[in-house]
Amino acid sequence: MTSYIDSIENAISCGDVLLIENIGETVEPVLDPLLGRNMIKKGKYIRIGDKEVEYHPNFQLILHTKHLNPHYKPEMQAQCTLINFLVTHDGLEDQLLAAVVAKERPDLEELKAELTTQQNNFKIVLKQLEDSLLARLSAASGNFLGDTALVENLETTKRTATEIEEKVHEAKMTETKINETRENYRPASVQAALLYFILNDLNKINPIYQFSLKAFNVVFESAIVHTEPAEDVRQRVSNLIEEITYSVFIYTNRCLFEKDKLTFIAQIAFQILVMRKEINPDQLDFLLRFPFKAGLVSPVDYLSNQEWGGIKALAEMDEFKNLDRDIEGSVKRWKKFVESETPEKEKFPQEWKNKSGIEKLCMMRCMRPDRMCYAVRNFVEEKLGTKYIQGCSVEFSVSFKESSSATPMFFVLSSGVDPLKNVEALGKKMGFTFDNGKFHNVSLGQGQEVVAEAALDQAAEKGHWVILQNIHLVAQWLGILDNRVEKYSISSHIDFRLYMSAEPAPTPESHIIPQGLLENAIKITNEPPTGMHANLHKALYLFSQETLEMSSKESEFKVILFALCYFHAVVVERRKFGAQGWNRSYPFNNGDLTISVNVLYNYLEANAKVPWDDLRYLFGEIMYGGHITDGWDRKLCMTYLEEYVRPEMLDGDLLLAPGFPVPQNFDYKGYHMYVDKMLPPESPYLYGLHPNAEIGFLTNSSQKLFRSLLELQPKETESAGGGAISREEKVKGILDDILEKLPDSFNMVEIMSKVEEKTPFINVVFQECERMNLLTKEISRSLKELNLGLKGELTITTNMEELGNALFLDIVPESWTKLAYPSLEGLAGWYADLLLRVKELETWASDFAMPATVWLTGFFSPQSFLTAIMQSMARKNELPLDNMCLAVEVTKKNQEDISNPPREGAFIHGLFMEGARWDTRSGVITDARLMELTPAMPVIFVKAIPVDRQETKNVYKCPVYKTRTRGPTFVWTFNLKTKEKSTKWVLAGVCLLLSV
């Protein structure tokens, strides 16, 4: 026992890999002290009982077993995941199979247990006889045949061995028959094991999603009990599979955020179908990765270059041969399909309509990435049933029945949702209230830990209810709470119930809730309703009829109050559009609105006339602006208020949205009725955005869905040919491909020797080449190191493992991004882009002649190039740089139409517009075309001029960003001509992008 513990403690601290084999066959539970709930990971330590051992991040404890020893309790097995305890699929299947058969055919399990005991007894008897015989033989002397006792012992041993051999043979025949009957139930255990491993991986999406094997077993066994009976065994097993799957789905779904629910059920559907060999893994891999061919130009106007690159990659698979030719040959048919409002409900043209569900998803991913969430939802409905995709909320009273004194309830908090109301309401029905002293509510914060501990001790002893709110605020105390919850689960009053609530961590790295508190708790997530309709009603609910009547300027007060409610709903809900909504996400809350209304009341009462400017400033710069850190977001906030809060609203002439005038003098109920009757259906127009913003939002949602699904894929997948493709093999293939294409570093000495005079532009080229060298050297170094690790010539380090994972998941490794430029591309697209940037630099560095048009996107620092334009002009005209600015003129030409650079300034290309488009004919910004999310800009002529000569009338100050994340990727401001009010483009989130 001690040697095991010493070995493992040593491995924990040294970062070794310790393999212990055949633990399922171990009679004595030698690993109990290590594998029980008393082993807890705390920061950089693992506490084993009363002892803490420093935890090396490379440590792995691998316990190998073919059959799990029943002695190892489910909670013990689940706890071991914190140090990579690898329970094999086969082992878990056998354990779950035993549980199914124990419920379905207890006679078989009892007989099997008897046979196992009998077999062990036989072995013991034979061993005793052998030992006795050997002892007599070693003690015998002289003539063996003369030793009557020894001869008799030999005869007895032989006879007993023969009898045992016959009984063993009979037992094996009986066991074979038992196993044949038991195997009928294996499909249920196979699917259950698959579901458990899917659950166990959900913490990759969010670390708050923790589930123990103990909790899973409770759901599993409950599902068996509630399965619809059937006399036919096959039908009964089918019923078991369905009930188990749905029970696990319901159990898990209630604790997931809305954005993760489709990921979860899609993973279940895909993995079940892969297990049943109803899906080609290569096609699933294409769907999740979307390995499009970069650098291609789409021959049809309704597919982007990237989408066409996906079609060409897909056409290389046998099942999609000639897809690209069919699309080019039947342009009108495919155009009608692709431009359909709901293509996921339409039939594909020609014979492609006969393809399987997964094959249709692959084609849809290429053509309409914005509709993939809907397409996947339809696929799940087709394969698993409608009940899996319908919104299913579990009543709190139903969830409560699953709780116990040993099973707490954990509420994952969302803004605007109070779980305490449900607990209080149920407690009142069951006799647990504040008044009778059986309900304890502790809102945690500084100094409240002692209060919480006292409440817990009293409640556990006397059978009360305790709710601990906001436990995330007491990070230092969470370890103590975890220990106490463990203690209460063993010995506490049967009526004791513990409820906890916490906000989820904003990032996985900042997650602090202990695994022990999460994995066995019943987790419940309640999120507020979404959409303008729900948010506008929610804003109005903060007030009452008395509020509307409290001002002496009632009509002005009511109108502005309603406009403020609409403004609040807009700024809160606009976040769903990502960076096009707000450059950064802000925690606007109900308090901002209620305080603004109080300010409104005070200023109306104190002034004879409505102080419009003062009100807008207070609302936009102080109340809501207090949250805002980005200058462009501040401008957006103030623009909303300029549109919503102005004198015209008092005459009823102001539209808050198309078809939605600001209401006049209603009572409180009347305003709610007005919203129900007059508010247009949910659309980006309600926020001042173009409908394309929703397409962009849906596209981003689809990309996040597939990224999450890719991260959840098992470490080994089966290829279409049936062989196993390991991660290492895939990583090695990607690694070799990158190294083969990686260009040589720039020879800076040779490049600099060509230059006689360092102009601002030449300095930019030098800087870009040096930065590219740093990046390519790191790529080469890290890949060669990983290659040696994969060959076994170097020990795999944490950094190497992270690099390998990034290559497998098509993510740009972190060590590369630190030296690179902002990009939203996956690894394949990013690397293709890198090679283009190197080629551009090679062309420029060869003779240092200004290119006819400059690819602004290709710079690490495009600001440096734009500044160089101003520096060159300032030097030429001997003007101070501080008095210079850039003037832009959008030409009517494309890159290929220009053969020479301008005499001053530069032509630039490679920019895209988001939120609108450039009308080349009229030379102004205009509304975007539907489904054209980021139309390319013509070549732009950029030159430097004195500040006092810049055009300010009829222009929109358009921000330029490197990527669609906007915010920190800001580059410059270009003044673009417009015939519309510039406020329209501010609300629409119009910008120029260097990369899409």
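Refer to the preceding data block for the structure.
So, here is what we can say about the structure in this document. (Residues numbered from 1 in each chain as written. Predicted model: local features only at pLDDT ≥ 70, side-chain atom pairs only at ≥ 80, totals over all residues. Heavy atoms only, no water.)

**A few points about the packing of aromatic side chains**
And then number 1: This model, assessed by the stated rule, comprises 52 aromatic pairs.
And then number 2: On the numbers, 5.7 Å between centres and 35 degrees between planes, the contact of Y566 with F660 is tilted. Of the two residues, Y566 sits in helix α24 (residues 554–573) while F660 sits in strand β12 (residues 660–661), which places them 94 residues apart along the sequence.
And then number 3: Summarising the aromatic geometry, the rings of F766 and F848 are spaced 5.9 Å apart at their centres and angled 85 degrees between planes, so their arrangement reads as edge-to-face. Here F766, found in helix α32 (residues 760–791), pairs with F848, found in the loop between α35 (827–847) and β15 (854–855); they are 82 residues apart in sequence, far enough to count as distant. A single burial state applies to F766 and to F848, both of which are buried.
And then number 4: Over the face of the ring belonging to F211 we find K523, whose NZ or CZ atom lies 4.4 Å from the ring centre.
And then number 5: Between the NZ or CZ atom of R837 and the centre of the ring of Y821, over which it lies, the distance is 3.5 Å. (Phe/Tyr/Trp six-rings, centres within 6.5 Å; stacked < 30°, edge-to-face > 60°. Helix = DSSP H or I, 4+ residues; strand = E, 2+ residues; numbered from the N terminus. Buried < 20%, exposed > 50% of the residue type's maximum accessible area, 1.4 Å probe, protein only. Lys NZ or Arg CZ within 6 Å of the ring centre and 35° of its normal.)

**Some remarks on the nonpolar core**
And then number 1: M367, L468, I471, Y566, W816, W830 and F865 are the most contacted members of the largest nonpolar core, which has 257 residues in total.
And then number 2: A per-element tally of this core places α24 first, with 14 residues.
And then number 3: Not counting chain neighbours up to four residues away, the residues in contact with Y566 comprise M532, L536, Y644, L656, A657, F660, L679 and L686.
And then number 4: In terms of nonpolar packing, the next biggest core, distinct from the first, is built from 14 residues, F396, L420, F439 and Y499 among them. (Core = buried A, V, L, I, M, F, W, Y, C linked by side-chain atoms within 4.5 Å. Contact = heavy atoms within 4.5 Å.)

**Examining helix α19 (residues 449–462)**
And then number 1: An ideal rise of 1.5 Å per residue puts 20 Å on 14 residues; α19 measures up with 20 Å between its terminal C-alpha atoms.
And then number 2: Along α19, the positions that sit buried rather than exposed are A452, A455, L456, A459 and A460. With its buried residues spanning 125 degrees around the axis, α19 presents them on a single face. Seen from the open side of α19, the exposed residues pointing more than 90 degrees away from its buried face are V450 and E461.
And then number 3: Summarising the contacts, the buried residues of α19 are in contact with β7 (439–443), β8 (465–469), α20 (478–490) and β9 (497–502).
And then number 4: Following α19 by one or two positions, G463 has its phi on the positive side, about 80 degrees. (Expected span 1.5 Å × (residues − 1). Arc of directions from axis to C-beta.)

**Some thoughts on the side chain of D592**
And then number 1: Note on placement: D592 falls in helix α25 (residues 590–606).
And then number 2: The contacts of D592, once residues within four sequence positions are left out, are P587, M623, Y624 and H627.

**Re the sheet that holds strand β21 (residues 940–946)**
And then number 1: Pairing is mixed across the open sheet formed by 4 strands, whose spatial order is β15-β17-β21-β16. For this open sheet the edge positions go to β15 and β16 (884–890), each flanked by a neighbour on one side alone.
And then number 2: Pairing of β16 with β21 involves 7 bridges; the strand directions are antiparallel. By the bridge assignment for β21, A887 is matched with K943.
And then number 3: Helix α36 (residues 862–877) rests against β15, β16, β17 (906–909) and β21 of the sheet, and its axis sits at about 115 degrees to β16. (Pairing = 2+ DSSP bridges. Axes fitted to C-alpha atoms, helices over the stretch in contact; angles between N-to-C directions.)

**Considering the pairing of β9**
And then number 1: For β9, the tally of buried residues reaches 6 of 6 residues, placing the bulk of the element in the interior.
And then number 2: Bridging between strand β6 (residues 409–412) and β9 involves 4 bridges; their strand directions are parallel. Following the sheet pairing, V412 is matched in β9 by A502.
And then number 3: Examined bridge by bridge, β8 and β9 share 4 bridges and lie parallel to one another. Among the inter-strand pairings, I467 is bridged to a residue of β9, identified as Y499.
And then number 4: Crossover handedness for the path β8 to α20 to β9: right-handed. (Right-handed = clockwise from strand over helix to strand, strands pointing away.)

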